[in-house]
Every structure is written in C-alpha cells, then in structure tokens.
Amino acid sequence: MSPRIFLKLWVAAIVMGVASGVFAAPEVRVEEPAASVSALGLVEYCDKVLAHYPDLKKQNEHIEETIAHLYLAYMGVSPRVQGLSSVTTSDDPVEVFGMLLREEKFTQNDFALSSLNSPRHHTNFNFAMEGNLPVFNAFQTISKIRSSRHVVRSEKLKKEFLEMEAMLVAVEAYLKILFAHDVAALSRDVQKDAEQDVRQAEELKQKGMILGADFYAARVTLSAIKQQVNQTDVAERTAGVLAGILVGNTPDKLVSPQGKLSDELRPVKTFDTWLLDAFKSRRDLLALESRIKAQKVELFREKTSILPRIDAFGAVAEDTHDWRQGGENFTMGFKGTMDLWDPTYWPRIKASRHQFAQIQIEENRLKDAIARDVAEESAHYETLTRDLTVVRDTLKDAEEAVKLTATLYREGRKSIADLLEMRSAYLNTAMRYKHLLVSTEISYAKLLFLTGTLDKLELEQFGERLG
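*Asks:* Can you help me understand the packing of helix α2 (residues 42–52) against helix α12 (residues 456–465) in this one?
*Replies:* Packing of α2 against α12 brings their axes to within 8 Å, and their N-to-C directions diverge by 135°. Between α2 and α12, the interaxial angle falls into the category oblique. Here Leu42, Val43, Cys46, Asp47 and Leu50 of α2 come into contact with α12, specifically with Lys456, Leu459, Glu460, Phe462 and Gly463. Counted by class, the contact of α2 with α12 contains six nonpolar, one polar and three charged residues.

Shown next as structure tokens:
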C-alpha cells in the first residue's frame, strides 16, 4: 500500500470516528452543592433576626454610652481627691523662708540678716492630699443628671423601635417564603395536571380524534405554565436565601417556613383608631419627647450657670528636707465663685434655645409623617381586604370552570386548548389570590409597626394564624 493511500485511509478513519462520537469529549456534569434547609417557626425566626440585626447591636452600644454619661453626671456630686508630690530647690529668700516654716525647722539663727537676705539654697520635699467637694454648683450637676436620664430613656425607646423594625423585616421575609412555597407547589400541581392532559390529547391526536391546531395551541399554553413553574421555583429559593441572610446564614443555607397562609380576614379598624394608637405607642415619637425634655433641662442648666458656686476644700501636706523629720500642715475652708461677666453666657442660651426649637420641629414633622403613612397604609389594607373577598369568589369560579371544562373536554364538547387555557387562568387566579393573602398580612404587619404596636404578643398571634 502506497503512503498516499494509507494517509487517505487514516484521515477517513479520523473523520468517521469524530462523526460517530468515538473521539468526542466525555460529558462533564457539574452538580451544584445541595443547599441545606433549616425549618423555623415565625417566632423562632424573628428571635434569630433580632439577635443578628446590625442596627440593633449598634443601638445597644449607644445605650451603654448614654448610661456611662449618666454615671459621669452622678459623679459630679462626689468629692474629688488628688495626691500631690514635688521637689523644690531654691535660694530665693521668700521661698527658703517659707520652706523652713513649713518644715518646722526655722531657728533663731535664720533671723540673721545675712541668712534672710542671702540664704543658702534649700531643698524641700512636699507630699500632700487635696480634696474638693461641690456644695452648690448652680444646679449644673442635678441638671446633667436629669437630662442624662431623659437621654437614656430616649435611646432605650429607639432600641424598642428598632426591634419593631427588625420584627417587621422578619415577618415580611417569612411571609414571602410562605408565599413563594405555596405558589411553587400550586404551579407544579397545575403543570402536572396540564402535562397529563397533553399526553392524553397526543394519543387522541395520533388517532385523529382531535385537531392538530388545538393540540399545538394547548402545548403553547403548557409552555407558559412551565415558565411560571420555573419562575416560582427560582423565587422560592431566592426567598429562602434572603431570609437566611437576615439571620446570618450563608447563601447555601436556606430557611424553610412552617405553616401556611391564613385566609381568615381580620376586622378592619378605622383610620382614627390606627392614628390614636400611633401617637400613643410609636417609640420613635416617644424618644423625641424624651429628647425634648432633656433639651429643656439643658436650657435651664445654661440659664442657671450664671449663679454663684460654692465649694468646700481641704488639704493635708507633709514637708521635709532630710527625710527624717518635717512639718505637717492642713488647710480647709469654703470658696465661692461667680462670673461677673461671661461673654459666652447669652450665646450659649441662644444656641440651646435653637436646639430646643429644632427638636420640637422634628417632633411635628414626625407626627405629620406618621399620620401620612398610617393613612396610606390603612387605605391600602382596606383595599386589599376588599380585593381579597372578590378574588376569593373568583377563585371558586375558576376551580368550578376547570372541572366543568374537563368534563366537557371528555365529552368532546371542548377542545384541549380550551382546557389548558382554563387551567392557566386558574393558576393565574390562584397566584393572584395567594399574592393578596400575603400582601394583606404584610400590610397589617406594617400597620402594627407604624402604630408602634408590633410586639411579641402580636408576633405570637401571627404565628398562630400561620398554624
């Protein structure tokens, strides 16, 4: 065999091998790691969210800081004691004369003019303790204590508000998981029934018992249903991931809910009732009121800073030259001071008044915002409850329509396209109904948050409604 013929045969073998898949690369399947799922009840899930909520941890530090400032204010009524020590060497006549007197070592020879005018240098070692106790400090300390108490209460109320905010976030995330879980299960059931209908229709089509146009139209509707299933599956997983992030989980650890959405309607409250609860219970509004009280005390403190101040003081000292003997002395008494002219007095009062006015304006602005939010959400909640009643009846009609259409299809009076179209309409109606259910629950939770009544008791009632 010539080399040319051998080369042609070798090339042909390679081509045939590739065509037949002999040299095809083996298929490599990359499997995603299975995500772990943790099933949690609503109350347990909210507890985990509260424990992980970053803003809540930051607020705890604010509270500790304000408590420290309160303790610092209390220390204003306690005495202040200092220990002092010094070493002094001097040949100044007055300084040497004083050192000798304090050391109780002054002798008759020290009265000589030469010693008085030109003494030898002298070294003095002094050890002392000095104390100071405020007797009256123009209401500065008591005012700081009072204002610090109001600030501490304000920060604690802010913490309660953040806890309610975290509860709302947790409830909303949990309800969205339930919604995604229910919708995904519902869409899979509809897909299963639709696929079964299409399989039966395909058999009938092969026998020539149904039109091909109806069959292919049904398959188009089935394709739309499958796309909805894909969307709901992804939405279910995404909701589990997002809910897990709120409790500090990694994205591969999902949160699975317990229970199901309740279709029992709550009684609808009036706007005036919601607003009255809000003005009475909103923690951020109460926190601002405490800030106003604190600033009012601060304004009083600035006004009284012009009053005289009285302090009691005392000191005990030991002076020695040779570390063997020395003089012991004490001093005690009262001292009063008063600013006859303080150029910063009126500017400080003016600045404090403006701060007081700013907080009052902020309080009014918050009240307006609360009224606006409550009005919008209460109207939204009422609309949802009305729509829910309408769609609930529509869902019953859609269920009955599917049953009747299936019966008519078996009797040959409806096409497979009509049946699949009705199943798709039922799926859309059921998804709309589930969406209204979860929207109503979330809206009610928002109303509880906006009125400051979303607490542990309400959270437990939410859990009971979910079964």
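*Asks:* Would you take a moment to explain the nonpolar core for this structure?
*Replies:* Nonpolar side chains in soluble globular proteins tend to be buried together. Membership of the largest hydrophobic core comes to 78 residues, with the highest contact counts inside it found for Tyr45, Val171, Leu175, Leu420 and Tyr426. Contributing elements (two or more residues each) for this core: α2, α6 (140–206), α7 (212–246), α8 (271–281), α9 (283–304), α10 (345–410), α11 (416–450) and α12. In terms of residues, this core owes the most to one element, α6, which gives 20 residues. Once residues lying within four places of it in the same chain are set aside, the contact partners of Tyr426 are Leu186, Val190, Leu395, Ala398, Glu399 and Val402. One finds Ile63, Ile67, Leu70 and Val152 within the second-largest nonpolar core, a separate group that totals six residues.

*Asks:* Quick question: what am I supposed to make of α12 here?
*Replies:* One full turn of an α-helix is made of 3.6 residues, so residues set three or four places apart face in the same direction. Those residues of α12 not exposed but buried are Glu458, Leu459, Phe462 and Arg465. Down the axis of α12, the sector holding all buried residues measures 115°, keeping them to one side. Projecting away from the buried face of α12 at angles above 90 degrees are the exposed residues Leu457 and Glu464. Phi turns positive, to about 75°, at Gly467, one or two residues after α12.

*Asks:* Sorry if this is basic, but what is going on with the sheet that holds strand β5 (residues 309–320) here?
*Replies:* Strand pairing in a sheet relies on backbone hydrogen bonds. The paired strands run either parallel or antiparallel. Pairing is antiparallel across the open sheet formed by four strands, whose spatial order is β2-β3-β5-β6. The open sheet has two free edges, formed respectively by β2 (80–90) and β6 (326–337), since each of these has just one partner strand. Across the sheet, the mean angle separating the axes of adjacent strands is 20° when strand polarity is ignored. Examined bridge by bridge, strand β3 (residues 122–136) and β5 share 11 bridges and lie antiparallel to one another. Note on β5: the bridge partner recorded for Ala128 is Ala317. Contacts between helix α4 (residues 93–102) and the sheet are confined to β2, β3, β5 and β6, with β2 contributing the most and set at about 125° to the helix.

Criteria and cut-off values
- Residues numbered from 1 in each chain as written.
- Predicted model: local features only at pLDDT ≥ 70, side-chain atom pairs only at ≥ 80, totals over all residues.
- Heavy atoms only, no water.
- Axes fitted to C-alpha atoms, helices over the stretch in contact; angles between N-to-C directions.
- Helix = DSSP H or I, 4+ residues; strand = E, 2+ residues; numbered from the N terminus.
- Parallel < 35°, antiparallel > 145°, perpendicular 65-115°, else oblique.
- Contact = heavy atoms within 4.5 Å.
- Nonpolar A, V, L, I, M, F, W, Y, C, P; charged D, E, K, R; others polar.
- Core = buried A, V, L, I, M, F, W, Y, C linked by side-chain atoms within 4.5 Å.
- Buried < 20%, exposed > 50% of the residue type's maximum accessible area, 1.4 Å probe, protein only.
- Arc of directions from axis to C-beta.
- Pairing = 2+ DSSP bridges.

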